[in-house]
Amino acid sequence: MTPDGNQPRIHILDPATVNQIAAGEVVERPASVVKELTENAIDAGATTIRIDLKMDREGITAISVTDDGCGMSPEDALLAFTPHATSKISGIGDLHRIGTLGFRGEALASIAAVAEVTLTTRPKGSGAVPGTRIVVKGGEILSNSGSGAPEGTRITVEDLFYNTPARKKFQKSKNTELAQIHTILEGICLSHPEIAFRLFANDAELLVTDRTDNLPDTIARLYGSEVVRDLVPVTCTLDYMTIGGYISRPSLSRKDTARVLVSINQRFVTSRSIANAIKAGYGTLLPKDRFPVSFLTLRIDTALVDINVHPTKKIVRISREQEITDAIRDAVKTALLSHDLVPSAGTPDRIPELIEEQSIPAIRPEPRYDHAGTAPAGVSESTHTGTTMTDRQLRQTELPCGVALVEPVLPALEVIGQFGGIYILATTPAGELMIIDQHAAHERILYEQVTSRSESARRSQELLIPAILHRTPRETAILKTLLPQLAGEGFTIEEFGHDTFLVRAIPVVMGKPEDTTMLDEIISDLTNPDSARSVDNRERIARVIACRGAIKAGTVCTPEQCQRILNQLRLTRNPYTCPHGRPTIIRFTRPDLDAMFHRT
Ligand code: ADP
Ligand code: MG
């Protein structure tokens, strides 16, 4: 009903309004304009594409994309702005074999409906034929003239959302928009290494790739050559799909999927199921709440991929998805099994961009860099009681003699000494120098024992005096839900009235608690709401036992004790990282060291 009480009449919207509404789907923000224009340039067969942004204090004022692609004739140039005008498909049948990024014929019409667009173009190989310059604003052609122009196309978009104030207001800060554009272009560059891309903002170069047939060159351009050193290639050929690209060693991981980049038929896509399949391929090599870094290139029979499910085509629908994700998981697994996964020296900290968001979960204690009581290097005298304590701790994690569960993946390691009470130095038969984080290594050993549910890891010890612990109501709620599982892992904890608990026993592997502070810390770890969110209860308990039971950084170890840690580490399924995803071991090869000393 209208306000005056009359029945509203149905009428057909005018084309300008229709286009503005349609534009809302395709052109959400400046980054969508960059994406659509760049994809058009790729479809036009460009080998070099340049994106220029102009910005003032408030935001992005102009976006321009220049390519050396096929260009357009004067007639086509005019048609390009008409809704549903496309040169890429001619009928519904073509939808099953789309080889181009665009096909809906919507982008230019949509962008021109909400901005001022200037198109300058000249067809390739057109000799003396002049180019065309067309200006369209709010869907109206403001001018159309012949113009001198290089072969190829340049499209400049200004005054974006000038006639849709709601959309304009919705734009995020300039930096957020810029970051979005950068992310989208990274995906496009990685799916098209054969094209050279350059992104400028107010003439400052923000991103550049060269034409190459080698994806690692592109990865190196975007993220640095150190990243490439720690990637492992993936390959697999099936009759309906080929899998290529690169994945990170387990030592390089993130808490989100932001660097799990996947292209299908050279289209950068977002797919939860594929990201999960890649992660599944790592099995226990990655903690449950961490994701690898990966650049996977899939070529799938176009009949199996429906890209027409989302206006921006970022999400695609795949037939036989289960089969495809299984194949991806297996290819990742095979790649990891057939490669040496010890990270090289210096890698992680030279890629700040990749590890900026790596957070070590809160249940990890601050390592105690207690230099005072430790010798600088080599083996130091430790106190007699200290040595016995460490011996006891290590004995708890020793496997019964001769029971090797797995073929060791690490080479034999021979101890050189301990450094700073934190690191173990060792050599391999190949003459490499290995540095091992003793706490992280022991944590990994314990963690695998707990998760494999070995008897020794679950053995329980009664406390001489039960400890009484008070918790906040929130912690109480979390702890109550954990009690049955804690009991299964060797804890005896009872409720003892209002928000109070009685700890009677803890797993033997956690050592002798010196005072209630340690128990308090264990319970805090278990009830930390931050860690509760990301992993399930069993995982959380396993990590806490591993972390609290492992020998601490700052513990002086004898050479024999160091050797025992290394021997045990070799027997784990994943000796490369601790349960939180931090590296346990780093390698320096002779060439690495020679290069550092300029001994070439
Ligand atoms: P679509 O890409 O879905 O076909 P667009 O609205 O993005 O629709 O583009 C419409 C048409 O304009 C394209 O089909 C293509 O023929 C032409 N076109 C757009 N951009 C370019 C370009 N950079 N170079 C050559 N032709 C282009
Ligand atoms: Mg297009």
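A.B. asks: Residue-level account of helix α19 (residues 559–570), with values.
C.D. replies: For α19, which comprises twelve residues, the first-to-last C-alpha distance of 17 Å matches the rise-based estimate of 16 Å (1.5 Å per residue) to within 8%. Three or more residues of α19 are buried, namely Gln561, Cys562, Ile565, Leu566, Gln568 and Leu569. Across the axial projection of α19, the buried residues extend over an arc of 165°, all falling on one side.

A.B. asks: Could you give me a rundown of the sheet that holds strand β22 (residues 460–470), with the residues and numbers involved?
C.D. replies: The strand order β22-β24-β23 describes an open sheet built from three strands, whose pairing is antiparallel. The sheet terminates laterally at β22 and β23 (492–495), the two strands that pair on one side only. When strand polarity is set aside, the average angle formed by the axes of neighbouring strands in this sheet is 15°. When β22 meets strand β24 (residues 500–507), the two strands line up antiparallel, connected through seven bridges. The partner of alanine 467 across the bridge, within β24, is valine 503. Against the sheet, helix α16 (residues 516–527) touches β22, β23 and β24, its axis set at about 75° to β22.

A.B. asks: Run through the packing of α16 against helix α18 (residues 537–549), naming residues and quoting values.
C.D. replies: With their axes 9 Å apart at the nearest point, α16 and α18 run at an angle of 150° to one another. With respect to α18, the element α16 is oriented roughly antiparallel. The chirality of how α16 crosses α18 is right-handed. Residues Met518, Glu521, Ile522, Asp525 and Leu526 of α16 form the contact with α18, whose own contacting residues are Arg540, Ile541, Val544 and Arg548.

A.B. asks: Could you give an account of the site of ligand 1, naming the residues involved and the relevant values?
C.D. replies: Around ligand 1, the structure places 20 residues, and the nearest of them are Asn40, Thr86, Ser87, Lys88 and Gly105. Between ligand 1 and serine 87, the relevant distance is 2.5 Å, taken from an oxygen atom to a side-chain nitrogen or oxygen of the residue. In the complex, 93% of the free accessible area of ligand 1, which totals 530 Å², lies under the protein chains. At the level of elements, α2 (30–43) and α4 (107–113) are the ones that each hand at least two residues to the shell around ligand 1. A breakdown of the residues in the shell around ligand 1 according to their chemical character gives nine nonpolar, seven polar and four charged.

A.B. asks: So what's going on with the packing of helix α15 (residues 473–488) against α16? Which residues, and what values?
C.D. replies: The contact between α15 and α16 brings their axes to 9 Å, and the two run at 95°. When the interaxial angle is binned, α15 and α16 end up roughly perpendicular. Residues Glu475, Ile478, Leu479, Leu482 and Leu486 of α15 lie in contact with α16, whose contacting residues are Ile523, Leu526 and Thr527. Its residues placed into classes, the contact of α15 with α16 shows six nonpolar, one polar and one charged.

A.B. asks: Explain the environment of threonine 120 residue by residue, including any values.
C.D. replies: By the element assignment, threonine 120 lies in strand β3 (residues 116–122). Its relative accessible area of 18% is what places threonine 120 among the buried residues. Taking the C-alpha atoms as reference, threonine 120 lies 7.8 Å from serine 147; in sequence the two are 27 residues apart. The contact partners of threonine 120, leaving out residues within four places of it in the chain, are Thr132, Arg133, Ser147, Ala149, Gly152, Thr153 and Arg154.

A.B. asks: Please set out unusual backbone geometry residue by residue, giving values where relevant.
C.D. replies: Although it is not a glycine, aspartate 159 adopts a positive phi angle of roughly 55°. By the element assignment, aspartate 159 lies in the loop between β6 (152–158) and α5 (165–170). Even without glycine at this site, aspartate 203 takes up a positive phi of about 70°. As for its placement among the helices and strands, aspartate 203 is situated in the loop between β7 (196–201) and β8 (204–208).

Each value, and the rule that gives it
Residues numbered from 1 in each chain as written. Chains lettered and ligands numbered in written order. Predicted model: local features only at pLDDT ≥ 70, side-chain atom pairs only at ≥ 80, totals over all residues. Heavy atoms only, no water. Helix = DSSP H or I, 4+ residues; strand = E, 2+ residues; numbered from the N terminus. Expected span 1.5 Å × (residues − 1). Buried < 20%, exposed > 50% of the residue type's maximum accessible area, 1.4 Å probe, protein only. Arc of directions from axis to C-beta. Pairing = 2+ DSSP bridges. Axes fitted to C-alpha atoms, helices over the stretch in contact; angles between N-to-C directions. Contact = heavy atoms within 4.5 Å. Parallel < 35°, antiparallel > 145°, perpendicular 65-115°, else oblique. Left-handed = near helix turned anticlockwise from the far one by under 90°. Near = heavy atom within 4 Å. Polar contact = N/O pair within 3.5 Å; in protein donor to acceptor, adjacent residues only side chain to side chain. Areas by Shrake-Rupley, 256 points an atom, 1.4 Å probe, with all protein chains shown as cover. Nonpolar A, V, L, I, M, F, W, Y, C, P; charged D, E, K, R; others polar.

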